[in-house]
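Letter by letter, the chains look like this.
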Amino acid sequence: MPAPGTLDDVVAGVVRDVAKREAAVSFQEIKARSRDMAPTRDARAALLRHGCSVIVEIKRNSPVFGPTGAGYAPVDALARDIEAGGAHLIACQTERLRFDGSLADMAEARAAVELPMVCRDVIVDPYQIHEARCYGADALPLQVGILDQHRLEALVDRAESLGMVAVAEVRTPEEADKALRAGVSVVAVNSWTFDTNDLNRNAFAEIAPGLPSEVIKISLGGVSNPRDLIDAASCGADAVLAAEAVMAADDIFAATRSLAAAGQHPACPSRR
């Protein structure tokens with residue numbers, strides 16, 4: 001199923017949504033609120049656990065797979081099952097246009113657990129950085145392919161100034177180089193293209209070897225089972241993100257546990 005519209009349509013829709021929210025709550029107000037939030041949880045430490053860390057994404061809908069099996073279950077219950085299953089971080093899809101997500105979902109999930117929270121959205125404006133912090137984000141991705149170098153660097157600096165981990169999300173070696181020039185220390189290789197939603201299962205293996213050893217590496221997309229996790233770890237992944245593999249399962253706890261156990265198995269490759 002193709003995504004609704006082009007990449008430009010998605011970005012334009014995000015910009016319109018941000019403008020509406022900023023009309024209701026000014027930038028100065030959201031900025032002040034974000035700086036009054038309690039300290040962030042340590043997402044970096046969670047990504048560097050022994051073995052291969054597991055990030056499970058709470059997702060209601062998908063432009064590729066449609067509504068997820070667990071998409072309309074209570075968010076707090078999903079988060080607790082994911083935490084009990086052994087995940088190291090929880091991501092919450094907050095993009096409204098394509099995924100029916102919301103910042104309120106993320107806030108509800110974070111309130112239910114102790115794990116660090118990753119805000120999964122299309123971030124193009126500083127307003128969104130402060131807004132995400134207000135709703136409990138401890139880390140957030142920046143889509144390198146849709147940001148010019150100056151904007152990328154500015155958004156990285158703003159996220160880090162609030163104590164969040166900025167994750168550079170890349171899809172090509174050229175985007176990875178751009179991310180490194182921006183000074184990021186966490187890179188997620190997304191195997192799904194942004195606009196056409198095609199899957200390149202070799203993306204992580206193609207890009208990760210070119211990243212410096214000190215960079216934390218996340219394999220995002222295409223991780224469906226423990227074998228996929230082990231393969232990613234073998235190519236240098238410090239963490240994997242799984243969404244549909246867990247959200248489509250009948251038992252969220254068991255699906256999470258299966259991946260987490262593989263990531264912590266003594267045979268799983270690890271930087272430690």
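Before reading on, note that the structure itself is shown above.
Just so you know, these numbers come straight off a predicted model, no measurement behind them. (Residues numbered from 1 in each chain as written. Predicted model: local features only at pLDDT ≥ 70, side-chain atom pairs only at ≥ 80, totals over all residues. Heavy atoms only, no water.)

**Looking at the packing of helix 4 (residues 75-84) against helix 13 (residues 252-264)**
Following both chains from N to C, one finds helix 4 and helix 13 inclined at 35°, their axes separated by 8 Å at the closest point. The element helix 4 and its partner helix 13 pack so that their crossing is right-handed. Listed contacts from helix 13 to Leu 78, Asp 81, Ile 82 and Ala 84 of helix 4 are Ile 252, Phe 253 and Thr 256. In the contact of helix 4 with helix 13, the residues fall into five nonpolar, one polar and one charged. (Axes fitted to C-alpha atoms, helices over the stretch in contact; angles between N-to-C directions. Helix = DSSP H or I, 4+ residues; strand = E, 2+ residues; numbered from the N terminus. Left-handed = near helix turned anticlockwise from the far one by under 90°. Contact = heavy atoms within 4.5 Å. Nonpolar A, V, L, I, M, F, W, Y, C, P; charged D, E, K, R; others polar.)

**Concerning unusual backbone geometry**
One non-glycine residue, Asp 100, adopts positive backbone phi at about 55°. Within the fold, Asp 100 resides in the loop between helix 5 (96-99) and helix 6 (103-112). Accessibility expressed as a relative area gives 35% for Asp 100, which makes it partly exposed. (Buried < 20%, exposed > 50% of the residue type's maximum accessible area, 1.4 Å probe, protein only.)

**Side note on helix 8 (residues 149-161)**
Across its 13 residues, helix 8 extends 18 Å between first and last C-alpha, which sits within 8% of the 18 Å expected from 1.5 Å per residue. Along helix 8, the residues classified as buried are Leu 152, Leu 155, Val 156 and Ala 159. Looking straight down helix 8, one finds that the buried residues subtend no more than 105° of arc, so they occupy a single side. Buried positions along helix 8 lie against helix 7 (126-134), strand 4 (139-143), strand 5 (165-170) and helix 9 (173-181). At the N-terminal end of helix 8, a side-chain oxygen is found 3.2 Å from the backbone nitrogen of His 150, two or three residues along, and the residue is Asp 148. In the segment just after helix 8, Gly 163 is the residue with positive phi, at about 85°. (Expected span 1.5 Å × (residues − 1). Arc of directions from axis to C-beta. Polar contact = N/O pair within 3.5 Å; in protein donor to acceptor, adjacent residues only side chain to side chain.)

**Re the packing of aromatic side chains**
The geometry of an aromatic ring pair comes down to the distance between the two centres and the angle between the two planes. Within this structure, the stated rule accounts for one aromatic pair. Between Phe 27 and Tyr 127, the aromatic rings sit 6.5 Å apart at their centres with planes inclined by 40°, giving tilted as the arrangement. With Phe 27 in helix 2 (residues 27-35) and Tyr 127 in helix 7, this residue pair connects regions lying 100 residues apart in the sequence. For the residue pair Phe 27 and Tyr 127, the accessibility class agrees, reading buried in each case. (Phe/Tyr/Trp six-rings, centres within 6.5 Å; stacked < 30°, edge-to-face > 60°.)

**Remarks on the pattern of salt bridges**
Taken as a whole and judged by the stated rule, the model has 14 salt bridges. Residues Glu 57 and Lys 59 are paired through a salt bridge, measuring 4.0 Å at the closest nitrogen-oxygen approach. Using a relative accessible area of 9% as the deciding quantity, one classes Lys 59 as buried. Note that Arg 227 and Asp 231 form a salt bridge whose closest N and O atoms lie 3.0 Å from each other. Linking Arg 227 with Asp 231, this pair stays in helix 11 (residues 226-234), spanning four residues, or about one helical turn. (Salt bridge = Lys/Arg side-chain N within 4 Å of Asp/Glu carboxyl O.)

**Observations concerning the packing of helix 7 against helix 8**
Where helix 7 contacts helix 8, the two axes come as close as 10 Å, and the packing angle between them is 25°. One element, helix 7, and the other, helix 8, form an angle in the roughly parallel class. Two packed elements cross with a definite hand, and for helix 7 against helix 8 that hand is right-handed. In contact with Pro 126, Ile 129 and His 130 of helix 7, helix 8 contributes Arg 151, Leu 155, Arg 158 and Ala 159. By residue class, the composition of the contact of helix 7 with helix 8 is four nonpolar, one polar and two charged. (Parallel < 35°, antiparallel > 145°, perpendicular 65-115°, else oblique.)

**Considerations on the side chain of Lys 59**
With respect to the secondary-structure elements, Lys 59 resides in the loop between strand 1 (53-58) and helix 4. In terms of polar contacts, Lys 59 uses its side chain to reach the side chain of Glu 244, at 3.1 Å.

**Notes on the environment of Pro 212**
Note on placement: Pro 212 falls in the loop between helix 10 (203-207) and strand 7 (216-220). Sequence-distant contacts of Pro 212, that is, excluding residues within four places in its chain, are made with Leu 180 and Lys 217.

**Remarks on the side chain of His 130**
Mapped onto the elements of the fold, His 130 is located in helix 7. Ignoring anything within four residues of it in the chain, the contact list for His 130 reads Phe 27, Ile 30, Lys 31, Ser 34, Arg 35, Arg 158 and Leu 162.

**Some details on the pairing of strand 3 (residues 117-120)**
Residues of strand 3 alternate between two faces, with Met 117 and Cys 119 on one and Val 118 and Arg 120 on the opposite face, all of them buried. As paired elements, strand 2 (residues 89-93) and strand 3 share four bridges and run parallel to each other. Bridging across to strand 3, Cys 92 finds its partner in Cys 119. (Pairing = 2+ DSSP bridges.)

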